[in-house]
Amino acid sequence: MYSDSDLDSAVDAGAISAEAAAAFRAHVAKNQGTILADEESFRLLTGFNDIFVVIAVLLLLVAVTWIGVNIHPSIAGAAVAGTSWGLAEFFTHKRRMALPSILLLLSFVGGMFCMVAGLVVFGGGGFLESRSQALLTVGGTVTAAIAARWHWQRFHVPITVAAGALAVVGLMLSFAVFVKPETLPYIRWLVLLGGLGLFAFAMQWDISDRARHTRRSDVAFWLHLAAAPMIAHPIFFQLGVFGGDVGAGKAVIVIVLYIAMALVSLAIDRRAMLVSALAYVLYAISALFKSFGAIGINVALTALVIGSALLLLSAFWHVARRGVVRRLPAAWQERLPALDRPATVPSR
């Protein structure tokens, strides 16, 4: 099994030409009867050995954390970060294993965060108040963002950019609460703004690789995956979807919002927003069926309706996307992911 990243690596190494790689991609797309760019391909597993390595890495990191916590939480964080970096030198830099690389990136950034957080929490020996907790988060997120930058410069794991961007958003949110604690009740709206910022950042990466041939597309995938829940959750929480009072009017609003998100997802050729909002629309439609008397089978009817709709959307994704994109202004079409793959491979 060869991924787009493997083909890019082969082109960079001179093993095959860029034209041969493009021809191979076109051949696979023709056989599958779809446009590969629409499949949102990303590398997660190279084989079962990835899972085996992940289990071993988890056992080692748990042991390192356990031993370090018995000394000091900051030492535990530093030990986890150092161990993760050392393992990444082999499993990421040399072996290019996908799933272990993701785990080692997250453990490295998380370890760096905990290293600073441990110093703040236990340095004063007292209970932290809200402003001190915000200060803790500021220091930790700054360190996490810097750590993500270091990791990206060394290993270029696509999820690293999303981890760093989340750290920056967390820094901005925690700094806002630290400066003005009265903003805490409005934190969901701040999260929504942060999600929209991440979405715009993801679109910049997508625009730079409209055919989705390079690593930039993988980076955009993880950024969209990070942005989607930050956009969906504040909106639906504000509507009180899980508040227990979902009438017909509120259910219709939820469905309309989900359709709007589906149209956006089709236009940008990303499914993360649909997945993030799925729980809310399922709950709303289930409550709607229940209000009409389908008490015993409301969940089954909801699953039938939504499952069928999503399967149809998946089967005819390219057709539906073509219909949506062609109704947009020409200037927008030129910046959205391409409807058809070009014959050449852009630079990485």
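Residues numbered from 1 in each chain as written. Predicted model: local features only at pLDDT ≥ 70, side-chain atom pairs only at ≥ 80, totals over all residues. Heavy atoms only, no water.

Caption draft 1: Quick peek at the side chain of Ser84. Mapped onto the secondary structure, Ser84 falls in helix H4 (residues 73-91). In terms of polar contacts, Ser84 uses its side chain to reach the side chain of Ser107, at 2.6 Å. Among all residues touching Ser84, those that are not within four sequence positions of it are Leu61, Leu104, Ser107 and Phe108. (Helix = DSSP H or I, 4+ residues; strand = E, 2+ residues; numbered from the N terminus. Polar contact = N/O pair within 3.5 Å; in protein donor to acceptor, adjacent residues only side chain to side chain. Contact = heavy atoms within 4.5 Å.)

Caption draft 2: Representation of empty space enclosed by the protein within the structure. For the structure on display, the rule yields two cavities of 30 Å³ or more. Space inside the second largest cavity adds up to approximately 50 Å³. Residue lining of the second largest cavity: Phe199, His224, Ala227, Ala228, Ile268, Arg270, Ala272 and Met273, and that is the complete set. Going through the elements one at a time, helix H9 (215-239) and helix H11 (272-276) are the ones with two or more residues in the lining of the second largest cavity. (1 Å grid on protein atoms, 1.4 Å probe; cavity = no way out; pocket = protein on both sides within 12 Å on 5 of 7 lines; lining within 4 Å. Points joined across faces, edges and corners; volume = space filled by probe spheres on them.)

Caption draft 3: Quick look at the pattern of salt bridges. The final tally for this structure, using the stated rule, is five salt bridges. Where Glu182 meets Lys180, a salt bridge forms, and the shortest distance between an N and an O atom there is 3.9 Å. Between Asp206 and Arg270 there is a salt bridge, with its nearest N and O atoms 2.8 Å apart. Here Arg270 lies in the loop between helix H10 (248-268) and H11 and Asp206 lies in helix H8 (residues 187-207), a separation of 64 residues in the sequence. Residues Asp206 and Arg270 agree in their burial class; the two are buried. (Salt bridge = Lys/Arg side-chain N within 4 Å of Asp/Glu carboxyl O. Buried < 20%, exposed > 50% of the residue type's maximum accessible area, 1.4 Å probe, protein only.)

Caption draft 4: Inspection of the confidence of the model for the protein at higher detail. This prediction gives the protein a mean pLDDT of 82; 81% of its residues lie at or above 70. For the stretch residues 123-129, pLDDT sits under 50, and the model shows six contacts to residues farther than four places along the chain or on other chains. Contacts for the low-pLDDT stretch residues 342-348, under 50 throughout, to residues beyond four places or in other chains number 21 contacts. (pLDDT = per-residue confidence, 0-100.)

Caption draft 5: View of the environment of Ala202. Looking at the secondary structure, you find Ala202 in helix H8. As for Ala202 and Ala226, which are separated by 24 residues in sequence, their C-alpha atoms are 9.4 Å apart. In contact with Ala202, not counting residues within four places along its chain, are Ala220, Leu223 and His224.

Caption draft 6: Spotlight on the nonpolar core. Counting residues in hydrophobic clusters, the biggest one holds 76 residues, and the most contacted among them are Val57, Leu198, Phe199, Trp205, Leu223 and Phe236. Setting aside chain neighbours within four positions, we find Phe236 in contact with Val241, Val254, Leu257, Met261, Ala277 and Tyr280. (Core = buried A, V, L, I, M, F, W, Y, C linked by side-chain atoms within 4.5 Å.)

Caption draft 7: Representation of the packing of aromatic side chains. Under the counting rule described, the total for this entry stands at eight aromatic pairs. Pairing Trp85 with Phe108 gives two aromatic rings, centres 5.1 Å apart and planes at 55°, and the pair type is tilted. Taken together, the positions of Trp85 in helix H4 and Phe108 in helix H5 (residues 98-123) put the pair 23 residues apart, joining distant regions of the chain. Relative accessible area serves as the criterion here: at 25%, Trp85 is assigned to the partly exposed category. Residue class for Phe108 comes out buried when judged on its relative accessible area of 5%. Counting every residue linked through ring pairs, the aromatic cluster contains Trp85, Phe108 and Phe155. Arg271 extends its terminal NZ or CZ atom over the ring of Trp317, reaching a point 4.1 Å from the ring centre. (Phe/Tyr/Trp six-rings, centres within 6.5 Å; stacked < 30°, edge-to-face > 60°. Lys NZ or Arg CZ within 6 Å of the ring centre and 35° of its normal.)

Caption draft 8: Main features of the packing of H8 against H9. Relative to each other, H8 and H9 sit at 155°, their axes nearing to 8 Å. Between H8 and H9, the crossing angle belongs to the class labelled roughly antiparallel. Considering how the two elements wind past one another, H8 and H9 form a crossing that is left-handed. Grouping the constituent residues of the contact of H8 with H9 by class yields 20 nonpolar, four polar and three charged. (Axes fitted to C-alpha atoms, helices over the stretch in contact; angles between N-to-C directions. Parallel < 35°, antiparallel > 145°, perpendicular 65-115°, else oblique. Left-handed = near helix turned anticlockwise from the far one by under 90°. Nonpolar A, V, L, I, M, F, W, Y, C, P; charged D, E, K, R; others polar.)

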